[in-house]
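Fold and contact review
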Amino acid sequence: MPLYLGIDCSTQSLSLQVLSVDAGGAPRDVWRHAINFDRALPQYGTRHGVLPSEDPAIACAPPRMWADALELGLATLSSSGLDLARIAAVSGSAQQHGTVYLDAAGGFSRAASPIWMDTSTSTECAEITAALGGPNAVAQLTGSRAFERFAGPQIRKFWKQDRAAYERTARIHLVSSFMASLLVGGDAPLDPGDASGMNLMNLRTSGWDPRALEATAPGLRDRLPRIVPSSTVIGVLAPKWRGRFGLPPAKVVAWTGDNPSSVVGVGLAEEGEVAISLGTSDTIFGLMREPRVSPDGVGHVFASPTGEFMGITVFANGSLARERVRDMHGLDWEGFSAALRSTPPGNDGARMLPYFVPEITPRVPVAGVRRFNLDERDAARNVRAVIEAQMTALKKYSAWMGVPVRKIHATGGASANREILQVMAEVFGANVQRLDETNSACLGAALRAVKHGS
Ligand code: ADP
Ligand code: XUL
């Protein structure tokens, strides 16, 4: 029976998952492994997968670290005892928006890749917005108004700040197409799901938009990969992986972004059914038959790997904010849960605005935490205040999708926490189901390998 490999390169770790498919077509989990960047690759000096920076608006990661993690992951797979010859296909997903800059020889023309937590391109967002005729025009064209972390504004900033390095750059990948390139040993294309996170793709044609390219940087068209349907087999595992790790020439299916991949991993099938992923970032997303762009400029419409569209709203203060409150009060996750159990819904009026890092939604460019009717030393009420604030924001800033939420599938690391999901259910007044699988992006990647690589 064939095996299928899914890989997810997220902010903090690289995960691998192997599925087998029985005669009836049902997938079964046979192997999984995760590599935490900070712990497994300490030589890169990242914290939570991000390079330390004096400027809180800058968030970068070393692309070489992602490549090393892939090598480590495939090395571990090769010594797993699995019959590697059975691996028929591989696909993957990655944190969205991060850009990787390569020169003509395949070396890095920029050592550090800006990632989705970067908020340093407000000027470039304003310039692109003005050139394209305002925020709504940008959103109608690309699915989102100009956002600081999106690839277009980031590329424009690089072009403005380091022309020589931009000129030396032959290819600008997203993390997903960079990782796929390593697997096939060549230049991999992007899929429309991840390419929608750039402010460069025309959402309706799934092709690069000439006006957006022109508003961003000169000569950009030649530096971007092709965009191909998410179902495309883009090549086979390169001879390098066969020689080093005994892997077969398995098909490689186009990679996508972690959120589009989660649509498949969660199995979203209809509007009104949404997923909330509580990972490093918190996201809420659902399928859309038509691209109804967020009128208030809050969320995004991306192409979905299922061939439709998806609406999504993203919050930067996800797990890291929860961890900060947990650590401030000397708790572990069990203590955090106990705090939620011991406090009533509404928290007796105690509230928090929990922007421990600059926030994407609502836009809060400078981090800051404010407490109302809440003593900083009151552990239990601080815990409930941060969770109620996060769940209320998830509800309020996803209303633009225009379909009442009936059912929520919870995924991501913090979905392991029942008490957090209880608050989610209370705030949304909806049925919350926890997926057995906390890494739905990686599962989605493996399922896409099954579907398109069989
Ligand atoms: P990502 O894929 O974005 O790197 P994950 O989805 O793997 O992140 O989530 C990792 C996070 O899950 C950790 O940073 C941690 O804060 C959180 N987490 C893990 N277990 C719990 C728990 N029991 N309660 C709350 N949060 C948890
Ligand atoms: C999506 C976003 C984040 C990253 C995290 O727009 O910025 O969810 O994809 O991995």
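Residues numbered from 1 in each chain as written. Chains lettered and ligands numbered in written order. Predicted model: local features only at pLDDT ≥ 70, side-chain atom pairs only at ≥ 80, totals over all residues. Heavy atoms only, no water.

Looking at the site of ligand 2
Close to ligand 2 lie Thr 11, Gln 95, Gln 96, His 97, Trp 116, Arg 149, Asp 258, Asn 259, Ser 281, Thr 283 and Val 314. In the model, an oxygen atom of ligand 2 is placed 2.4 Å from a nitrogen or oxygen of the Asp 258 side chain. With respect to ligand 2, the side chain of Asn 259 contributes an N or O atom lying 3.0 Å from an oxygen atom. For ligand 2, whose free accessible area comes to 290 Å², the fraction covered by protein is 97%. Of all the cavities here, the one that holds ligand 2 is the largest pocket. Residue composition of the shell around ligand 2, by class: two nonpolar, seven polar and two charged. (Near = heavy atom within 4 Å. Polar contact = N/O pair within 3.5 Å; in protein donor to acceptor, adjacent residues only side chain to side chain. Areas by Shrake-Rupley, 256 points an atom, 1.4 Å probe, with all protein chains shown as cover. 1 Å grid on protein atoms, 1.4 Å probe; cavity = no way out; pocket = protein on both sides within 12 Å on 5 of 7 lines; lining within 4 Å. Sits in = over half its atoms within 2 Å of the grid points. Nonpolar A, V, L, I, M, F, W, Y, C, P; charged D, E, K, R; others polar.)

Comments concerning the nonpolar core
One finds Ile 155, Met 198, Leu 200, Trp 208 and Met 424 to be the most contacted residues of the largest nonpolar core, which totals 66 residues. Broken down by element, the residue count for this core peaks at seven residues, all from helix α14 (residues 379-396). Apart from residues no more than four positions distant in its own chain, Met 198 is found in contact with Phe 150, Ala 151, Gly 152, Pro 153, Leu 174, Leu 190, Trp 208 and Leu 224. Listed in part, the 65 residues of the second largest apolar core include Ala 94, Phe 245, Met 310 and Ala 316. (Core = buried A, V, L, I, M, F, W, Y, C linked by side-chain atoms within 4.5 Å. Buried < 20%, exposed > 50% of the residue type's maximum accessible area, 1.4 Å probe, protein only. Helix = DSSP H or I, 4+ residues; strand = E, 2+ residues; numbered from the N terminus. Contact = heavy atoms within 4.5 Å.)

Some points on the site of ligand 1
Neighbouring residues of ligand 1: Ser 10, Gln 12, Gly 279, Thr 280, Ser 319, Glu 323, Trp 333, Gly 412, Gly 413, Ala 414, Asn 417 and Ile 420. One nitrogen or oxygen atom from the side chain of Glu 323 is found 2.4 Å from an oxygen atom belonging to ligand 1. Gly 413 is positioned such that a nitrogen or oxygen atom in its backbone is 2.8 Å from an oxygen atom of ligand 1. Expressed as a share of its isolated accessible area of 590 Å², the protein-covered part of ligand 1 is 74%. A per-class count over the shell around ligand 1 returns three nonpolar, eight polar and one charged.

Concerning the layout of surface pockets
Roughly 1,000 Å³ of internal volume is contained in the largest pocket. Around the largest pocket, the lining comprises 44 residues; the ones closest to its centre are Ser 10, Gly 279, Thr 280, Gly 412 and Gly 413. The set of elements that each furnish at least two residues to the lining of the largest pocket consists of β2 (13-21), β3 (27-36), α11 (258-266), α12 (319-328) and α16 (440-453). Its residues placed into classes, the lining of the largest pocket shows nine nonpolar, 27 polar and eight charged. Of the pockets and cavities examined, the second largest pocket occupies roughly 560 Å³. Lining the second largest pocket are 22 residues, and of these Val 50, Met 117, Leu 320, Arg 324 and Val 357 lie nearest its centre. Taken together, the residues that form the lining of the second largest pocket break down as 14 nonpolar, three polar and five charged. (Points joined across faces, edges and corners; volume = space filled by probe spheres on them.)

So, the sheet that holds strand β14 (residues 273-278)
Taken together, the six strands give an open sheet; going across it, the order is β16-β17-β15-β14-β20-β21, and neighbouring strands pair in mixed fashion. The open sheet is flanked by β16 (300-303) and β21 (431-434), the only strands paired with a single partner. Taking the axes of each pair of neighbouring strands and ignoring which way they run, one obtains an average angle of 25° across the sheet. Alignment of β14 against strand β15 (residues 282-288), held across five bridges, turns out to be antiparallel. Its bridge partner lying in β15, Val 274 is registered against Gly 286. (Pairing = 2+ DSSP bridges. Axes fitted to C-alpha atoms, helices over the stretch in contact; angles between N-to-C directions.)

Some words on the side chain of Ser 440
With respect to the helices, strands and loops of the structure, Ser 440 is situated in helix α16. Under the relative-accessibility criterion, Ser 440 is labelled buried at 2%. Polar side-chain contacts of Ser 440 include one of 3.1 Å to the side chain of Thr 411. Residues within four places of Ser 440 in sequence aside, it is in contact with Ser 261, Ser 262, Gly 265, Val 266, Thr 411 and Leu 435.

Quick notes on the packing of aromatic side chains
By the definition in use, this model includes six aromatic pairs. Cluster of aromatic residues (ring-pair linked, three or more members): Phe 147, Phe 150 and Phe 302. Positioned above the aromatic ring of Phe 147, the side-chain terminus of Arg 145 is 4.0 Å from the ring centre. One cation-aromatic arrangement involves Arg 223 over Tyr 166; the distance from NZ or CZ to the ring centre is 4.4 Å. (Phe/Tyr/Trp six-rings, centres within 6.5 Å; stacked < 30°, edge-to-face > 60°. Lys NZ or Arg CZ within 6 Å of the ring centre and 35° of its normal.)

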